Amino acid sequence: MSEPQFANLVFDTHCHECLAPNTRSVDWRLARRICMKCTKYCMVEEAYSYMTESSHLAVPSKYGKRGRPCYYKRDLDEFKQRRASLTDPKKREDFVVECRARVAEMDKHAQLLEAWARKQATARSTELEEIRSARKQAIIDELTKLGWGPEIEQIPSDDDLGSHRLVKQPTRLTPRIWSNIRPEMIKHMEDLRARRLQRERKALVLARRELAISVLRAYKRERLPFTDVMPEPMDFWMFPEVSAIIELPTETEVTEASFADVVSRLDELIIQWRARNYNSFIDKFRDVLTLKLQRITDAATDKGTNAEAKAGTPADVKGKGKARAVDPPMPDESELVKVLSLATTIFRCEYCTPSPWMSIYEEPFHSFMSPKRSVSTIPLFYPKLMGHRCLTRGRGQDSPMTPLESISEFPYDSRRQTQWTCAPLQIDRQAEAIVSNIIAACNLDPLTTTTAEMDALDPKLACLNVRCVQRDGVIKDLCKASVFGWRAALAHAASRHHGNGVKWKLLDENLLKDTESVDAFSESSLIVNFMSAVLGTSLLGGTNEDNVWLCAHCMDLSNGKDAKVLSKMKSHLSTVHGVDEPQENQDYYQDYEAPQGRCNPYTSNLKITLTLEGPEVAASDDCMSDDSYDCYDDYDGYGSFNSFSGFGCPCDACGDFHDEYDEYDEYDDFPFFY
């Protein structure tokens, strides 16, 4: 390559093929400056070959996209043509050696040129950066003369002045250029000042909200334990009296003393807040509750009529002919509250209801049997459901948000706190049917029995479903059954039996004496050990202790923990807060929502031995002759090959066909379900 050719390669910016301008990249190993357009047809790839006739290392090349040598097509054709023109093998070999020596020399010079090019690029980049910095400083000086100096000092790194398109240009600032860009730069500074004031205002509001939280925490801790639902920070901030203080002008100083008038009226304000929540709750379910009240009334009337008919009492007939249909009067609030208080009025939360494929309460591996229908295993009852945690915790994109600003801008985004809303609540009619069965087993009337009455009675029931009882291998009619409280029985029937018909036996005082405590997982230790290895946590040694205890020191804080069992709560208090001897309702307290709405195991650790005949044991839907379950007949562990209980399904013995909805036949006495 001659000196003019070398100078053209280094300093010219035109493509050597099409003369396109601004071609900056140079292939030093090929000694060519080629644009991207020409590269597509001027460069060719050739596979590696170390044979004598190969052009490898004999023609200048670079690495292609596939790691293969990439040649300039003209150089490669010229090499092949000259090599083919030599008929003497010795001359041909000498020619290839000579070409390889020349290419090796070119590679050495290419390495030096590449290093020089990198150095030149770095020097040019540094030079341009120095020009940009000088221009930025010159603009800052000009803005300072106009009085923008203090504002420039408060610009955060995210709004760096150097990122503006008029500031980062690599040209020296001249008086003429400054006169042209000054109006736009002044407008940009005004925008930066507006953003700064907005940031400062937001920080001030956050600080005031933290003061409001401290006032709320002090009020709530003085009233432990809670006997009614309490507002959380997002709702408290939205109280008009509290919001007025938080939104005071920036120049007004706000301290905890500023909330003194609010504290004096806080009892009244919270009562009003509860009333608003209650009204919104009633408005949402008024139609459903009214319909249920009417059906309960009709059912009670029918029972009375049937009782009179059996007793032979003549009906009081006041007229003849067809009666005119009259719309029933709208029930008042007290009647709706009575309906809400019934144990058969059950709600479910759309946010925390588990998937039917993996129920939270189920024992290991039982949930892999696909249910025919989904039943909530987290039943919610009034009035405790008013304090359900999901009503103030957003879930997903459709969660109701506060109308203020984006919740991510406030210190509670980790739990996505929202204002109280009853939007995720729905009536759970399938759970109503299950509870009606349980109440009937307790010899009570599902039409009138309330949740409080069931809690006060605290009945213990044995599940007689074929999946749960264990037949004795020696004594034919002897079996061992699991024992549950009524809430645990609801969760058990919903998760283990997927809401299908379950026969319960109410245990009296004499039978309760015969119950025994057992290890809930002793019968399936192999499965549990396998699941423990998969999940990385021990499933043995389970406990029925409820996750209902909250930390009073973490109340309403952004890093507050969810409810825990008592042992873990005491460990938290000792580790985090240094309280080694915590006091209830001082250092920790029971969640108002308890015992519902928490993902407790509800695994029975009570067993009782009963004497029952085979047909008295309720058949499990999993053993029914349904097409979707036929494939499990020999492997599900509940039929003839049961490795745990050692007995066959009564359905196998009687051969009866069970319809898909037979389990609801026993609820026909309760016509308010549909």
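Turning next to the sheet that holds strand β2 (residues 61–63). Here 3 strands make up an open sheet; going across it, the order is β1-β3-β2 and the pairing antiparallel. Strands at the two margins of the open sheet, each flanked by one partner only, are β1 (43–45) and β2. Averaged over all pairs of adjacent strands, the angle between strand axes in this sheet comes to 35°, irrespective of strand direction. For β2 and strand β3 (residues 69–72), the ladder comprises 3 bridges, and the chain directions are antiparallel. When the bridges of β3 are listed, Tyr 63 appears paired with Pro 69. Packed on one face of the sheet, helix α3 (residues 73–85) meets β1 and β3 and runs near 85° to β3.

Let's shift gears to α3. The end-to-end C-alpha distance of α3 is 18 Å, a good match for the 18 Å that 13 residues give at a rise of 1.5 Å each. Within α3, burial applies to Asp 75, Leu 76, Phe 79 and Arg 83. For α3, the arc enclosing every buried residue in end-on projection is 100°, short of the 170-degree limit, so these residues lie on one face. Of the exposed residues in α3, the ones pointing more than 90 degrees away from its buried face are Arg 74, Gln 81, Ala 84 and Ser 85. Among the structural elements, β1, β3 and α4 (89–145) are those in contact with the buried residues of α3.

With that settled, consider the packing of helix α12 (residues 429–441) against helix α14 (residues 486–495). The geometry of α12 relative to α14 is characterised by a closest axis approach of 10 Å and an angle of 130° between their N-to-C directions. Regarding the angle of α12 to α14, the classification is oblique. Handedness of the crossing formed by α12 with α14: right-handed. Contacts between α12 and α14 involve Ala 431, Ile 434, Val 435 and Ile 438 from the former and Trp 486, Ala 489, Leu 490, Ala 493 and Ala 494 from the latter. A per-class count over the contact of α12 with α14 returns 9 nonpolar, no polar and no charged.

The rules behind each value
- Residues numbered from 1 in each chain as written.
- Predicted model: local features only at pLDDT ≥ 70, side-chain atom pairs only at ≥ 80, totals over all residues.
- Heavy atoms only, no water.
- Pairing = 2+ DSSP bridges.
- Helix = DSSP H or I, 4+ residues; strand = E, 2+ residues; numbered from the N terminus.
- Axes fitted to C-alpha atoms, helices over the stretch in contact; angles between N-to-C directions.
- Contact = heavy atoms within 4.5 Å.
- Expected span 1.5 Å × (residues − 1).
- Buried < 20%, exposed > 50% of the residue type's maximum accessible area, 1.4 Å probe, protein only.
- Arc of directions from axis to C-beta.
- Parallel < 35°, antiparallel > 145°, perpendicular 65-115°, else oblique.
- Left-handed = near helix turned anticlockwise from the far one by under 90°.
- Nonpolar A, V, L, I, M, F, W, Y, C, P; charged D, E, K, R; others polar.

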